[in-house]
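# Remarks on the overall topology
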Amino acid sequence: REETFSAERIVDPRAATLQGAALYICSDNPLTYEDIARMQCVGHSQKRLDFGSSGRFGVGLNVMYRYCDCPQLLANNSLHYFDLTRSYVAKANMKRGRQFTVQKLQDNFPDSYAPFKVDGILGRFPTVFRLALRKERTELGLKMEQSLVRAEMAKASQVAEKLLLFARNLRRLEFHDGASLNVVHEATVAEPEKYHQFFAAFPTSLLELKPGPLKHYLAQKTIAMKRPDSTTTSEWAIAHRVGVTDNAMLKVLQEQFDQPHGVALL
């Protein structure tokens, strides 16, 4: 979105550069306080051991720094700043970020809250990341032109079908440019109860993983791509074959699982 917001009443004068054009990433999945705490120490928490949790390696949050120096997260009635370089809201020798309740923002810093009150976002999504586009080159990355971000989002929208193909919990992706809806990708799975039962039977963490026979399941997934003037669908058959056959493979898995960004074993 291209809007520029007032910087008169904001949480810190240094945060004025966060009031311009931004990329929004919104989710209808609420975050818990524990989820947010893990984001603040990505790669160092026991979330890495939990197969059912996404984001345990911190890759998603780190990718946000491609576009901005200080990602903002509105969740649980609080606005969180991830100020890695302590250049926007964080103080020297303190944590690399700050948190403000929505009530405090409305009372004292309404201009910092204004970017989250835009149409199409306010009241619809319990979790909103806002990435104020980097206006000049910094130690974290290059200047982010709006044209470049638009091009990258257009490319992402073209391959979103593949993002939904193997995702267990992600079922719908929408791509907007400002107030305009460009495309929606939506996935449905045949026999959803059986599909979820198959994954529910897995160990929930690395600590519970034991050698045994492989488990098999053939899933059927339909993915629809909806544009303002057309809709296309594709049908997929996905053969899941999952497990650890022996102690040697289990040892390899345990060793590789401790790598900074995880690993895929084929």
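Now for a quick tour of the structure. (Residues numbered from 1 in each chain as written. Predicted model: local features only at pLDDT ≥ 70, side-chain atom pairs only at ≥ 80, totals over all residues. Heavy atoms only, no water.)

### A few points about helix α5 (residues 146-165)
If you check α5, its first and last C-alpha atoms are 29 Å apart, about what 20 residues at 1.5 Å a residue would give, namely 28 Å. At V159, α5 shows its maximal kink, close to 55 degrees. Here α5 has its buried residues at V149, S157, A160, L164 and L165. On its buried face, α5 sits against β1 (22-27), β6 (172-177), β7 (180-189), β8 (215-227) and β9 (230-242). (Helix = DSSP H or I, 4+ residues; strand = E, 2+ residues; numbered from the N terminus. Expected span 1.5 Å × (residues − 1). Bend = angle between axes of the 7 residues up to and from the residue. Buried < 20%, exposed > 50% of the residue type's maximum accessible area, 1.4 Å probe, protein only. Contact = heavy atoms within 4.5 Å.)

### Some remarks on the environment of D246
Position of D246 relative to the elements: it lies in the loop between β9 and α7 (247-257). Through-space distance from the C-alpha of D246 to that of P213 is 8.8 Å; in sequence the pair is 33 residues apart. For D246, the side chain forms a polar contact with the main-chain nitrogen of A248, separated by 3.2 Å. (Polar contact = N/O pair within 3.5 Å; in protein donor to acceptor, adjacent residues only side chain to side chain.)

### Quick word on the sheet that holds strand β4 (residues 97-101)
Taken in spatial order, the five strands line up as β1-β5-β2-β3-β4 in an open sheet, and their pairing is antiparallel. Every interior strand has two partners, whereas the edge strands, β1 and β4, have only one. Direction aside, the axes of adjacent strands within the sheet are offset by 15 degrees on average. One ladder, built from four bridges, connects strand β2 (residues 72-75) with strand β3 (residues 78-82); its direction is antiparallel. In the sheet register, L73 faces β3, and the bridge partner there is H80. (Pairing = 2+ DSSP bridges. Axes fitted to C-alpha atoms, helices over the stretch in contact; angles between N-to-C directions.)

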